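Structure at a glance
Now for the letters of each chain:
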Amino acid sequence: MALTERINMPKVEEFQQDLISWFEAEQRDLPWRKDNDPYKVWVSEIMLQQTRVETVIPYFQRFLEKFPTIESFAEADEESILKIWEGLGYYSRVRNLHSAIKEVVANYGGKVPDQKEEILKLKGVGPYTAGAVLSIAYGIPEPAVDGNVMRVLSRILLITEDIAVPASRKTFEACARALMFEPNPSYFNQALMELGALVCTPTSPACLLCPVQKHCSAFEKGVQDQLPVKTRKKNTRHDELVAIVLQNEKGEFLIRKRPGKGLLANLWEFPNIETRPVLEPYETLQDFLMTKYSVDAEVTPESFTMVHHVFTHLRWTISAFSGKVVNGRLEEDERIRFVTEEEMGELAFPVSHQKIWQAYKSHVKYERENER
DNA sequence: AACTCGTGGTT
DNA sequence: TAACCAAGAGT
């Protein structure tokens, strides 16, 4: 076939044997490897998207304690699914997962589809996740090409296609298919990823410890450090914000829910505004609170903290102020509320606003100790 | 195809 | 420190 003509293929059977044997001996003991229940495999794969294993472990365990069955998660409300995802990032993952799980319960009798075309229709399930679930949960020989696999295969097969270009994933899928270990697709896919995570790492790969070293074209030529080829860089935006931790007469705090689409969708936050390029139409936080929420407030002249928060594609600098309501006429609704600290604990906040809250708490504590 | 979408750890 | 990276998908 064309593939084997262009690419220097290793001896497939020997390669598979070396790879699978290594995986059986060296694989990590991870919570989602205790069984191959499709629901658990699915949840773990979504959590692991662009996220480190060590970060995911506690989230995965908490998730399954709270939602042990596919039905229990399907019945959950959005507030609680965001709360369990709080701090994990990429929050649309959990909203898509929730939507997809409800779909499975409603239309597939609670059984995760084992057909590629069907599972790919589900929200949040792309080519990687489809391959991972099909192979790990059902033993179907479908490739699961993630960043690890592209890196590993680019080295073993000396593929110089730019992995930052979406279209090149097809090449790697074809290669993974050509190398697929039919008796155990689950172990084959997981072994490639595990190899990428433990041995064939992005920088300074441990080639001397590699179980498939003798099959690796990059190692043979000594070019493993130059692969994979990955171009694209990011352009980061910088936003400056001012935020307000505002208490009413009862000591409750004003919070609002972010819009249902876009960055940090539907998470709660302290009211805030951008200060650039202009601070209009509100000159101050006091005017902002009055104009937007009809709240008459007294805001401290100095901010109590400056929070820096870095996202993948943008950066926030937040000056946080505190204040008290003088005359509240605010009408609360679904997206704007006064809540106690205890009630806040039930809601999901982005990490940037958790930083503000922590700073506020220590600020208040410091003020209190200073009075004595 | 390029851009958006989080967070924490490494280099 | 800034850039890069980690079991990607939606638009």
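Residues numbered from 1 in each chain as written. Chains lettered and ligands numbered in written order. Predicted model: local features only at pLDDT ≥ 70, side-chain atom pairs only at ≥ 80, totals over all residues. Heavy atoms only, no water.

**Description of the nonpolar core**
Ranked by internal contacts, the top residues of the largest apolar core, which has 99 residues, are Trp42 and Phe63. Here this core takes 7 residues from helix α9 (residues 127-138), the largest share from any one element. The two domains that each donate at least three residues to this core are domain 1 (2-226) and domain 2 (237-371). Dropping the residues within four chain positions of it, phenylalanine 63 is found in contact with Tyr39, Val43, Met47, Phe73, Ile84, Trp85 and Leu97. Core analysis: the second largest hydrophobic core is formed by 18 residues, Ile244, Ile273, Tyr282 and Leu289 among them. (Core = buried A, V, L, I, M, F, W, Y, C linked by side-chain atoms within 4.5 Å. Buried < 20%, exposed > 50% of the residue type's maximum accessible area, 1.4 Å probe, protein only. Helix = DSSP H or I, 4+ residues; strand = E, 2+ residues; numbered from the N terminus. Domains from an automatic or database assignment. Contact = heavy atoms within 4.5 Å.)

**Describing the pairing of strand β2 (residues 253-257)**
Of all 5 residues that make up β2, 5 are buried, and the element is covered over most of its length. Here β2 shows two buried faces, one formed by Phe253, Ile255 and Lys257 and the other by Leu254 and Arg256. Of the strand pairs in this sheet, β2 and strand β8 (residues 336-339) are connected by 4 bridges, and their pairing is antiparallel. What sits directly across from leucine 254, in β8, is phenylalanine 338. Sheet analysis places β2 next to strand β3 (residues 268-269), joined by 2 bridges and oriented antiparallel. Bridge pairing in β3 links lysine 257 to tryptophan 268. (Pairing = 2+ DSSP bridges.)

**Digging into helix α2 (residues 12-26)**
Here α2 contains 15 residues, and its C-alpha end-to-end distance of 21 Å stays within 8% of the 21 Å for a straight helix at 1.5 Å per residue. Residues of α2 that are buried: Phe15, Gln16, Leu19, Ile20, Trp22 and Phe23. End-on, the buried residues of α2 take up no more than an arc of 160°, which puts them together on one face. Facing away from the buried side of α2 by more than 90 degrees, the exposed set consists of Glu13, Glu24 and Ala25. (Expected span 1.5 Å × (residues − 1). Arc of directions from axis to C-beta.)

**Describing the side chain of glutamate 194**
Here glutamate 194 is to be found in helix α12 (residues 185-198). Ignoring anything within four residues of it in the chain, the contact list for glutamate 194 reads Trp22, Phe23, Gln27, Arg28, Arg33 and Val199.

**With respect to the pattern of salt bridges**
Taken as a whole and assessed by the stated rule, the structure comprises 16 salt bridges. With a shortest N-O distance of 3.0 Å, arginine 33 and glutamate 194 are connected by a salt bridge. In this pair, arginine 33 is assigned in the loop between α2 and α3 (38-48) and glutamate 194 in helix α12, connecting sequence segments 161 residues apart. Relative accessible area serves as the criterion here: at 2%, glutamate 194 is assigned to the buried category. Close ionic contact of glutamate 341 with lysine 361 constitutes a salt bridge, the shortest N to O distance being 3.0 Å. Of the two residues, glutamate 341 sits in helix α15 (residues 341-344) while lysine 361 sits in helix α16 (residues 351-371), which places them 20 residues apart along the sequence. (Salt bridge = Lys/Arg side-chain N within 4 Å of Asp/Glu carboxyl O.)

**Some words on the environment of glutamine 27**
Tracing the chain through its elements places glutamine 27 in the loop between α2 and α3. A sequence separation of 163 residues divides glutamine 27 from glutamine 190, and the C-alpha atoms of the two residues are 9.0 Å apart. Ignoring sequence-local partners within four residues, the contact set of glutamine 27 consists of Trp22, Arg33, Tyr187 and Glu194.

**As for the side chain of asparagine 266**
For asparagine 266, the position within the fold is in the loop between β2 and β3. Among the residues examined, asparagine 266 registers a relative accessible area of 9% and is labelled buried. Beyond its immediate chain neighbours, meaning those up to four positions away, asparagine 266 contacts Glu78, Leu82, Arg95, Lys257, Arg258, Pro259, Gly260 and Arg335.

**Quick look at the protein's contact with DNA strand B**
Neighbouring DNA strand B are 19 residues; Arg52, Tyr90, Tyr91, Leu264 and Thr312 lie closest to it. Here, DNA strand B places atoms within 4 Å of the protein, and 54% of those atoms are sugar or phosphate. Within the contact set of DNA strand B, a base nitrogen lies 3.4 Å away from a backbone nitrogen or oxygen of leucine 88. A distance of 2.4 Å is found between a phosphate oxygen of DNA strand B and a backbone nitrogen or oxygen belonging to leucine 264. (Near = heavy atom within 4 Å. Polar contact = N/O pair within 3.5 Å; in protein donor to acceptor, adjacent residues only side chain to side chain.)

**A look at the packing of α9 against α12**
Angle between the axes and distance between the axes are the two parameters that describe a pair of packed helices. Between α9 and α12, the shortest axis-to-axis distance is 7 Å and the interhelical angle comes to 130°. Taken together, the axes of α9 and α12 are oblique relative to one another. Two packed elements cross with a definite hand, and for α9 against α12 that hand is left-handed. Seen from α9, the contacting residues are Tyr128, Gly131, Ser135 and Ile136; seen from α12, they are Pro185, Ser186, Asn189, Gln190 and Met193. Taken together, the residues of the contact of α9 with α12 break down into 4 nonpolar, 5 polar and no charged. (Axes fitted to C-alpha atoms, helices over the stretch in contact; angles between N-to-C directions. Parallel < 35°, antiparallel > 145°, perpendicular 65-115°, else oblique. Left-handed = near helix turned anticlockwise from the far one by under 90°. Nonpolar A, V, L, I, M, F, W, Y, C, P; charged D, E, K, R; others polar.)

**Quick look at the protein's contact with DNA strand C**
Taken together, 25 residues form the shell around DNA strand C, and within it Gln50, Gly124, Asp146, Asn148 and Pro202 come nearest. Each atom of DNA strand C within 4 Å of the protein was classed as base or backbone; sugar and phosphate made up 64%. Glycine 126 has a polar backbone atom sitting 3.0 Å from a phosphate oxygen of DNA strand C. Here a phosphate oxygen of DNA strand C sits 3.5 Å away from a polar atom, N or O, in the main chain of glycine 147. Mapped onto the surface near DNA strand C, the elements with two or more residues apiece are α3, α9 and α10 (147-156). Across the surface near DNA strand C, the residue classes break down as 9 nonpolar, 8 polar and 8 charged.

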